[in-house]
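Read off the chains here:
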Amino acid sequence: MLFFGVLSLLFLAVSGEYCYTDIESACSTNPKNGGLISNCNAKYGSIDTLQAELQAYANANIETSFEFLLMSTHFGNYEANREGFKGLYRKLSDKVWEEAIDLIKYIAHRGGRMDLNQLPRSKKPIKDSKVLELTELNSLAKALDSQKQLAEEALRIHAQAQHHTKQDAAVAHYFEEHFMESLSERVRRLAGYSNDLKNMLEERDASLSVFLFDEYLKNTL
Amino acid sequence: MTRLLYVFFILVCINGIFGDGLKCKFTIDMRLLKPADIPTSWIDMTDPCTKLMESQVKTEMEAAMKYLAMGAHFARDTINRPGFSKFFFESASEEREHAIKIIEYLLMRGQLTNDVSKLLKYPLTTNNTNPIRQEWNNGEEALTDALKLEAQVTRSIRDIIITCETPKTSSFNDYHLVDYLITDFLEEQYKGQRDLAGKISVLGKMMQAHGPLGEFLFDKKLLSGEV
Ligand SMILES: [Fe+2]
Ligand SMILES: [Fe+2]
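This write-up is about the structure you can find in this document. (Residues numbered from 1 in each chain as written. Chains lettered and ligands numbered in written order. Predicted model: local features only at pLDDT ≥ 70, side-chain atom pairs only at ≥ 80, totals over all residues. Heavy atoms only, no water.)

So, the overall build of chain B
Counting its regular elements, chain B contains seven helices and zero strands. For chain B, the sequential pattern of α-helices and β-strands runs α-α-α-α-α-α-α. Counting every position in chain B, which comprises 227 residues, the buried fraction comes to 44%. Counting only contacts in chain B whose residues sit at least 6 apart along the sequence, the fraction spanning at least 24 positions is 77%. (Helix = DSSP H or I, 4+ residues; strand = E, 2+ residues; numbered from the N terminus. Buried < 20%, exposed > 50% of the residue type's maximum accessible area, 1.4 Å probe, protein only. Contact = heavy atoms within 4.5 Å.)

Written as structure tokens, this is what we have:
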């Protein structure tokens, strides 16, 4: 009996982390390992080292989604009353929320687990988080900065996935497909809006410029 | 520091005057752009009622986060319950929609004109004192948790109704808001709770007799929308 125990221990040590060995020992007539099959997971590559980054990034997306929702809310009140801005930020909030959920699914897909209590890595650059006094132009600037920040963060994680000693092209690929294109597109659009509106504000009557621009935004939704 | 900023501002202004003439002007213009003169007599929600509605936005979003945690848990490789995961992720987005519906209602009634940032602060719950639960022993336990959560939300909606119908500060009965909450929110709460209770009942019986096999079968039914 003791001999068998020592033998199986040796066997385990040699066999490394294999589900097959786990199953063999767990389901034999004489189960070892307490019947645990801890190696029967979906983990490979460097998901373990990247997991915390992915969790933080998913949470950063949730945070950004909240922010956009509040910006949308602000422009929806009767005093601001900018349907176009309201719609623009609502759409951004929806998109970023969906991207967060998709990333959470991807973490699970790779054998990881989501941690909603993991705080986002990067602090928001805008010290004054109040949405209160955001003018239309300020809001575009803020939106642009925040999307850029997510884009930079995505690039950083992508680079880490690619240049990690244990490369994980799968994570890198996921980021390329789900974040790179959509973020660059949004960053470009917001930059364009910011410049358009800023130039139009140099007209004598700023209120008319904002009105027209808001109407334009509404029609592009 | 403020003095430095002030000097900087003046420099920018001077530059504005001699250089690109209107650059500085519009910043000032935008600051001075006063809101139009709108009568406020149409804004009739009472303070305690408004406060509760505003906090309901957070309550709904907290529910969304709890469902997110459930969706994430059941999506894991070693848990592998795609039906449950799908169900909970969908619930999460529904709860977010509820938060948005409350916001829309408040906007319609002339509310949320100042400092909307207090509506939702990330993270909603402070991680140290009240972390989000992220693990469940099985599907039945999570559904039971969900039902308890919904019952709490129902109670909180009822509290809003009571306060908005008979606020302590005045005799203003907010008929429209109360009607909206009853027909739109309570309706969904009661239907949703009945649905969850039914699911727990079916799953509970199956798991009592068949354990993981019962849960496995139920999960696939959930996935295809058969239960
Ligand atoms: Fe809800
Ligand atoms: Fe609900």
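Observations regarding the packing of aromatic side chains
Here the structure, examined in full by the defined rule, presents 24 aromatic pairs over all chains. Ring geometry for Tyr174 of chain A and Phe179 of chain A: centres 6.2 Å apart, planes at 70°, overall edge-to-face. Like Tyr174 of chain A, the residue Phe179 of chain A is buried in the burial classification. Taking the centre distance of 5.9 Å and the plane angle of 65° together, the rings of Tyr180 of chain B and Phe185 of chain B count as edge-to-face. Overall, Tyr180 of chain B belongs to the buried group, its relative accessible area being 17%. Connected via pairs of aromatic rings, a cluster forms that spans Phe68, Phe75, Phe85, Tyr89, Tyr193, Phe213 and Tyr216 of chain A. A cation over a ring is seen here: Arg110 of chain A above Tyr44 of chain A, with NZ or CZ 4.1 Å from the ring centre. (Phe/Tyr/Trp six-rings, centres within 6.5 Å; stacked < 30°, edge-to-face > 60°. Lys NZ or Arg CZ within 6 Å of the ring centre and 35° of its normal.)

What to know about the coordination of the iron ion (ligand 2)
All names here are of chain B. Glu95 (OE), Glu150 (OE) and Glu150 (OE) make up the full set of protein donors to the iron ion (ligand 2), lying at 2.0 to 2.5 Å. The metal-metal distance between the iron ion (ligand 2) and the iron ion (ligand 1) is 3.4 Å, with Glu95 coordinating both. Taken together, the residues span a long stretch of sequence, with Glu95 in helix α4 (residues 82–108) and Glu150 in helix α5 (residues 139–165) at a distance of 55 residues. Residue Glu150 is classed as buried on the basis of its relative accessible area, which comes to 8%. (Donors = N, O, S within 2.8 Å, 3.2 Å for Na, K, Ca; no water.)

Focus on the coordination of the iron ion (ligand 1)
Around the iron ion (ligand 1), the protein contributes the donor atoms Glu60 of chain B (OE), Glu95 of chain B (OE) and His98 of chain B (ND1), at 2.1 Å from the metal centre. In the primary sequence, the donor residues of the iron ion (ligand 1) line up as E-x34-E-x2-H.

Comments concerning the state of the cysteines
For the structure on display, the rule yields two disulfides over all chains. Disulfide pairing is shown between Cys19 of chain A and Cys40 of chain A; the S-S distance is 1.9 Å. On the sign convention where negative is left-handed, the bridge of Cys19 of chain A and Cys40 of chain A, at about 90° about the S-S bond, is right-handed. Taken together, the residues span a long stretch of sequence, with Cys19 of chain A in helix α2 (residues 19–26) and Cys40 of chain A in the loop between α2 and α3 (47–76) at a distance of 21 residues. Between the sulfur atoms of Cys49 of chain B and its disulfide mate Cys164 of chain B the distance is 2.1 Å. Every disulfide takes its handedness from the sign of the S-S torsion; for Cys49 of chain B and Cys164 of chain B that torsion is 95°, giving right-handed. Of this pair, Cys49 of chain B sits in helix α3 (residues 47–74) while Cys164 of chain B sits in helix α5, placing them 115 residues apart in sequence. Accessibility assignment for this pair places Cys49 of chain B and Cys164 of chain B in one class, buried. (Disulfide = S-S within 2.5 Å.)

What to know about the side chain of Thr154 of chain B
By secondary structure assignment, the location of Thr154 of chain B is in helix α5. The buried category is assigned to Thr154 of chain B, whose relative accessible area is 4%.

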